[in-house]
Amino acid sequence: MKTISTITKMTAPPSTAYKIVDVPEAYADVIKLHGIPGTFVGSSELESPWVPFGPNAAIRHLHFDTRHNIFGNILWMKSAGVIGTHKHRGTVVMICLEGSARYLEYDWVAGPGGFIYETPGLVHTLVSDHPNGVKLFGWLQGPLEFYDDKGNFVETVDVWWFINHYESYCREHGIPINKQLYL
Ligand SMILES: [Fe+2]
């Protein structure tokens, strides 16, 4: 029997037509009724400001999914420094946008374009050795537990913490809450 690789047969995306195309959908009405629209958050600070996170860092919140305790943001460490030791209770996907970062516990360094995947149960300490620090986009699922330098539990941060972090800053600075952040 002759087998043909679906990869070599794959021709999509074939279009050069610059147009919106209607495609068949058996459950269009159901999707219209129950589906959740996607979202977009532009790059301006009015759409989502940099919210201070300690003296040397800030977080730009991008999405809050309260159904799944998932939150997306950019973490900005403004110079070389440390974000405290923490334990993950869920999965994290991160991409380094600028600068560099690493974990004291591992032997790699993430530069621009570097991809980081973290799994439940991991405990580590984020540092940047770069003079300009680091910007990390993160998609985080589930809570993180932060510990002090003696291993004492300090605080749990989850989607509710992140929403409160964003909203309290907006309230204090007269910035409208951007509904596009809430999935
Ligand atoms: Fe982490």
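I will try to describe carefully the structure that is included in this document. (Residues numbered from 1 in each chain as written. Predicted model: local features only at pLDDT ≥ 70, side-chain atom pairs only at ≥ 80, totals over all residues. Heavy atoms only, no water.)

### Here we look at the nonpolar core
Consideration 1: Phe64, Phe71, Ile83, Leu126, Leu136 and Phe162 are the most contacted members of the largest nonpolar core, which totals 36 residues.
Consideration 2: Listed by contribution, the elements that provide at least two residues to this core are strand E1 (50–52), strand E2 (57–65), strand E3 (70–77), strand E5 (92–99), strand E9 (134–141), strand E10 (144–147) and helix H3 (159–173).
Consideration 3: The dominant element in this core, judged by the number of residues it contributes, is H3, at seven residues.
Consideration 4: Non-local contacts of Leu136, meaning those with residues more than four positions away in its chain, are made with Asn73, Ile74, Leu75, Met94, Ile95, Cys96, Ala101, Ile116 and Leu126. (Core = buried A, V, L, I, M, F, W, Y, C linked by side-chain atoms within 4.5 Å. Buried < 20%, exposed > 50% of the residue type's maximum accessible area, 1.4 Å probe, protein only. Helix = DSSP H or I, 4+ residues; strand = E, 2+ residues; numbered from the N terminus. Contact = heavy atoms within 4.5 Å.)

### Notes on the coordination of the iron ion
Consideration 1: For the iron ion, the full set of protein donor atoms is His86 (NE2), His88 (NE2), Glu118 (OE) and His124 (NE2), at a range of 2.1 to 2.5 Å.
Consideration 2: What the four donor atoms of the iron ion show is an angle range of 69 to 162 degrees at the metal, which sorts the shape as irregular. (Donors = N, O, S within 2.8 Å, 3.2 Å for Na, K, Ca; no water. Tetrahedral: all angles 85-135°; square planar, octahedral: opposite > 155°, others 65-115°.)

### Quick notes on the sheet that holds strand E11 (residues 153–157)
Consideration 1: With respect to topology, five strands assemble into an open sheet ordered E6-E8-E4-E10-E11, the strand pairing being antiparallel. What marks the edges here is a single partner per strand, and that holds for strand E6 (102–103) and E11.
Consideration 2: The pairing of strand E4 (residues 81–88) with E10 spans three bridges and is antiparallel. Bridge pairing in E10 links Lys87 to Glu145. (Pairing = 2+ DSSP bridges.)

### A word on the packing of aromatic side chains
Consideration 1: Counted according to the given criterion, the structure contains eleven aromatic pairs.
Consideration 2: With a centroid separation of 5.7 Å and 85 degrees between ring planes, the pair formed by Tyr103 and Trp108 is classed as edge-to-face.
Consideration 3: Its relative accessible area of 32% is what places Trp108 among the partly exposed residues.
Consideration 4: Every member of this aromatic cluster is reached through a ring pair, and the members are Phe53, Phe71, Trp161 and Phe162.
Consideration 5: Sitting over the ring of Trp76, Lys78 keeps its end group 4.9 Å from the ring centre.
Consideration 6: Across from the ring centre of Trp76, 4.6 Å away, lies the NZ or CZ of Lys135, which sits over that ring. (Phe/Tyr/Trp six-rings, centres within 6.5 Å; stacked < 30°, edge-to-face > 60°. Lys NZ or Arg CZ within 6 Å of the ring centre and 35° of its normal.)

### Examining the pattern of salt bridges
Consideration 1: Taken as a whole, this structure holds five salt bridges when the rule is applied.
Consideration 2: With a closest N to O distance of 3.8 Å, Glu98 and Lys135 form a salt bridge. Of this pair, Glu98 sits in strand E5 while Lys135 sits in strand E9, placing them 37 residues apart in sequence.
Consideration 3: With relative accessibility at 17%, the residue Lys135 sits in the buried group.
Consideration 4: With a shortest N-O distance of 4.0 Å, Glu167 and Arg171 are connected by a salt bridge. One end of the pair is Glu167 and the other is Arg171, both in helix H3 and four residues apart, which spans about a single turn.
Consideration 5: Taking relative accessible area as the criterion, Arg171 reaches 57% and is therefore assigned exposed. (Salt bridge = Lys/Arg side-chain N within 4 Å of Asp/Glu carboxyl O.)

### A short note on H3
Consideration 1: Along its 15 residues, H3 runs 21 Å from first to last C-alpha, staying within 8% of the 21 Å computed at 1.5 Å per residue.
Consideration 2: For H3, the complete set of buried residues consists of Val159, Trp161, Phe162, Ile163, His165, Tyr166, Tyr169 and Cys170.
Consideration 3: Elements in contact with the buried residues of H3: E1, E2, E3 and E11.
Consideration 4: A positive phi of about 65 degrees marks Gly174, the residue just after H3. (Expected span 1.5 Å × (residues − 1).)

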